[in-house]
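# Coordinate analysis (summary)
The chain contents come next:
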Amino acid sequence: MRILIDAMGGDHAPNAIVQGAIDAAKEFDVQIVLVGRGEAILKSLSDLGYETLPKGIEVANADDVVDMHDDPATVIRTRKDSSMVVGLRMLSEGEGDAFISAGSTGALLSAATLIVKRVKGIRRAAFCPEIPTDNKTLLVDCGANSECTPEFLLQFAYLGTVYAEQVQGKTNPSVGLLNIGAEETKGTALQKEVYGLLQKAHKQGLINFVGNVEARDVPLGAVDVVVTDGFSGNILLKSIEGTASFMAKMMKSMFKKNLLTKLAALACKSGIDAFKKRMDYREVGGTMLLGITKPVVKAHGSSDARAIRSAVCQAMEAAKSDLTPTLQAVAPQLAKMMKEE
C-alpha cells in the first residue's frame, strides 16, 4: 500500500510531516510518498539524522505550495505544480491508495472534487470527523457544504453509514438527524423534509434511522452517525472542542490548587491520561472526505508528527475498505428515492 502525503501543507510542514511519515512507515510497514519541495524534504530528513531516504519513504517533487489565502476554486489552475494538486493527481492516476494533507481545507475539497472526482451519483462530498464518544460518533457534514438540500442530507446519512460499517466495523450503525428537539415536527422545513426521507430510507433497509438527536446528546454517543448541514455541523464540532478545552483547563487548575489536590491528581493520573488521550485530535489523525472515489484525509492544520502518524493509519483503514464500490451500488437507489418524492 502507498500513502501519499502533502509534505508542505500545515503549520508545521515539512518537519512534522516528515517525522510523522517516518514513524508511520516504521510502525505500519507501509510505503509513504512525501509530495513537495524536494530540497526542503531532504533538509528535514537530514535534520532528523537521515542522509539517505529511510525505509518506506519516497519523495515526489512539487515546486509550489497552496497558500491558506488562495482561492479554493482556482487552485488546480493557479497552483497546478503545488504539493496538494500534484499529490491528488498521483492519487487519481493510481500512483497511491490514499492522500493526506494538513493544508487549506477549501482547496483540498475543491481539488479533490475536480481531480479525484466524486463517486458517480453522489451530489456533494462531505467532511466526516470522528467525535470522541464511547462509540466514536461520526459527524456528517462539518463544513464542506454550508447550505444543503434534502437530497444532500439523505446522501450524507448513507455516506456515514457506509463509513461506519466498512471502516469502523460497526453493524447496523444508528443514524440521527441533528435538530432542536426529538419530535419529528421540530426544525425548519429542511429538517422536516429530511426526516421523512430518512424514514423512507430506513424502511428500505438502507440506513438505521432512529430519529432526531439534540446537540447535547451527541457527545454522549446517542447515535453512531449524526447528519446535518456543514454550517450547523461546524458549529457543533467547534463547540465540543471548546468545551473539552475548557474542561481540561478547569481540571488542571483544580488539581494544582494545593498539596492535597496534587496528591489527588497523582492518584487519578491513569484516568486523567485516558481522558486527555480520548480528547486529543492527534489520536484520530484527521477528517475523512466522504464521497470521493479514493480516500482523502484532511489532517488538522496544526498537526504534529503524532497526528500525521494517526492520519496514515486512518487512511490505510479507508483504503482497505470497500467504500467506493458500496456507494456506487446504492447511489442510484438514493436518486430514485428523490425522484419519487
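The structure reproduced in this document is the subject of the present report.

### Examining the pattern of salt bridges
Taken as a whole, this structure holds nine salt bridges when the rule is applied. The residue Arg79 makes a salt bridge to Asp70 at a minimum N-O spacing of 2.8 Å. Look at Asp70 and you get buried, because its relative accessible area is 17%. One salt bridge in this structure joins Asp224 and Lys170, with 3.0 Å as the shortest N-O distance. On the criterion of sequence distance, the pair formed by Asp224 in the loop between β9 (208-213) and β10 (225-227) and Lys170 in the loop between α6 (150-166) and β8 (174-178) is long-range, its members being 54 residues apart. The burial state of Asp224 is the same as that of Lys170; both residues are buried. Here the residues in one salt-bridge network are Asp64, Asp70 and Arg79, joined through shared partners.

### Considering the sheet that holds strand β7 (residues 137-140)
Across the sheet, five strands lie side by side as β6-β7-β10-β8-β9; this open sheet has mixed pairing. The open sheet has two edge strands with one neighbour each: β6 (130-131) and β9. The pairing of β8 with β10 spans three bridges and is parallel. Paired with Val175 across the two strands is Val225, which belongs to β10. Along the sheet, helix α7 (residues 189-203) makes contact with β8 and β9, crossing β9 at roughly 160°. Its contacts with the sheet place helix α8 (residues 230-255) against β6, β7 and β8, and it is angled at close to 140° to β7.

### Focus on helix α11 (residues 305-320)
An α-helical turn contains 3.6 residues, so a residue and the one three or four places further along point in the same direction. The end-to-end C-alpha separation of α11 is 23 Å, in line with the 22 Å expected for 16 residues at 1.5 Å each. Every buried residue of α11 is accounted for by Ala305, Ala307, Ile308, Arg309, Ser310, Ala311, Val312, Gln314, Ala315, Met316 and Ala318. The opening residue of α11 is Asp304, an N-cap whose side-chain oxygen sits 3.1 Å from the backbone nitrogen of Arg306.

Rules used in this analysis
Residues numbered from 1 in each chain as written. Predicted model: local features only at pLDDT ≥ 70, side-chain atom pairs only at ≥ 80, totals over all residues. Heavy atoms only, no water. Salt bridge = Lys/Arg side-chain N within 4 Å of Asp/Glu carboxyl O. Buried < 20%, exposed > 50% of the residue type's maximum accessible area, 1.4 Å probe, protein only. Helix = DSSP H or I, 4+ residues; strand = E, 2+ residues; numbered from the N terminus. Pairing = 2+ DSSP bridges. Contact = heavy atoms within 4.5 Å. Axes fitted to C-alpha atoms, helices over the stretch in contact; angles between N-to-C directions. Expected span 1.5 Å × (residues − 1). Polar contact = N/O pair within 3.5 Å; in protein donor to acceptor, adjacent residues only side chain to side chain.

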